[in-house]
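Chain and residue survey
Here is what each chain is made of, one letter per residue.
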Amino acid sequence: QIAAEAGVAEGTVFNYFSTKDDLLITMLQHLTHFDRQQLETLYSEALRSELRPLLQEQLSRSLARPQVSNEMFAAVLSEALVNADVRQDYRDQHLEPFLQRTERHIQQRIARGELRRLDAALFARIYFSATLGLGILRLLGDPLLQPGSGRIDELVDLLVDAWLDGVSPQA
């Protein structure tokens, strides 16, 4: 299917990838959009931005302008869920570095007084799981999460407000 989409013979794909797992791991890398150095640069630059607009921009970018098709996301995610080697590689090479760097970013924001004291490791996972969960809802066809629905900005604002301000009524 990938070869057909790329307009090449199936064998040609394996000139570049020795196994299906190698191909899937490369696709996972494409889905994350950055390597470790890019991640470090992204977070270093992010510290120069105010937190609320930064979160709004990141969430909007991932929801309103998805960089990959739903079909590609579904194929790779489903394989990672059932293929232990792909799952392990993704966790070790991409997810853990992302979570660790996000955790350090949160700790830096706490040290600067921009966030209250909280467990940065847990909050990094909340951030990741919220974005992944919204991506899965979009994949499943949730009409409110489709680009062009007119509701994504509202959802982003609500989520960022909940993260930064809580959801209890203010006294």
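Here's what I pulled together on the structure shown here. (Residues numbered from 1 in each chain as written. Predicted model: local features only at pLDDT ≥ 70, side-chain atom pairs only at ≥ 80, totals over all residues. Heavy atoms only, no water.)

1. Concerning helix 8 (residues 120-139)
In this model, helix 8 (20 residues) spans 28 Å end to end at C-alpha, consistent with the 28 Å of a helix rising 1.5 Å per residue. Within helix 8 the residues assigned to the buried category are Ala 120, Phe 123, Ala 124, Tyr 127, Ala 130, Leu 134, Gly 135 and Arg 138. Relative to the axis of helix 8, the buried residues are bounded by an arc of 130° and lie together on one face. Between a side-chain oxygen at the N-terminus of helix 8 and the backbone nitrogen of Ala 121 the separation is 3.0 Å; the capping residue is Asp 119. Looking one or two residues past helix 8, Gly 141 carries a phi angle of roughly 95°, positive in sign. (Helix = DSSP H or I, 4+ residues; strand = E, 2+ residues; numbered from the N terminus. Expected span 1.5 Å × (residues − 1). Buried < 20%, exposed > 50% of the residue type's maximum accessible area, 1.4 Å probe, protein only. Arc of directions from axis to C-beta. Polar contact = N/O pair within 3.5 Å; in protein donor to acceptor, adjacent residues only side chain to side chain.)

2. Considering the packing of helix 8 against helix 9 (residues 152-165)
Between helix 8 and helix 9, whose axes approach to 13 Å, the crossing angle comes to 165°. By the criterion of interaxial angle, the relationship of helix 8 to helix 9 is roughly antiparallel. Handedness of the crossing formed by helix 8 with helix 9: right-handed. Where helix 8 abuts helix 9, its residues Phe 123, Ile 126, Tyr 127, Ala 130 and Leu 134 lie against Leu 155, Leu 159 and Trp 163. When its residues are assigned to classes, the contact of helix 8 with helix 9 shows 8 nonpolar, no polar and no charged. (Axes fitted to C-alpha atoms, helices over the stretch in contact; angles between N-to-C directions. Parallel < 35°, antiparallel > 145°, perpendicular 65-115°, else oblique. Left-handed = near helix turned anticlockwise from the far one by under 90°. Contact = heavy atoms within 4.5 Å. Nonpolar A, V, L, I, M, F, W, Y, C, P; charged D, E, K, R; others polar.)

3. Comments concerning the side chain of Ser 60
Tracing the backbone through its elements, the reader meets Ser 60 in helix 5 (residues 51-64). Its relative accessible area of 14% is what places Ser 60 among the buried residues. Among the polar contacts listed, one links the side chain of Ser 60 to the backbone oxygen of Gln 56, at a separation of 2.9 Å.

4. Section: the pattern of salt bridges
Overall, the coordinates contain 8 salt bridges when judged by the stated rule. Taking the shortest distance from any N to any O, the salt bridge between Arg 52 and Asp 161 comes out at 2.7 Å. Highlighted residues: Arg 52 in helix 5 and Asp 161 in helix 9, separated in sequence by 109 residues. Overall, Arg 52 belongs to the partly exposed group, its relative accessible area being 28%. Among the residues examined, Asp 161 registers a relative accessible area of 30% and is labelled partly exposed. The closest approach of N and O atoms between Arg 61 and Glu 57, which form a salt bridge, is 2.9 Å. With Arg 61 and Glu 57 both in helix 5 and 4 residues apart, this pair spans about one turn of that helix. For Arg 61, a relative accessible area of 33% translates into the label partly exposed. For Glu 57, a relative accessible area of 37% corresponds to the partly exposed category. (Salt bridge = Lys/Arg side-chain N within 4 Å of Asp/Glu carboxyl O.)

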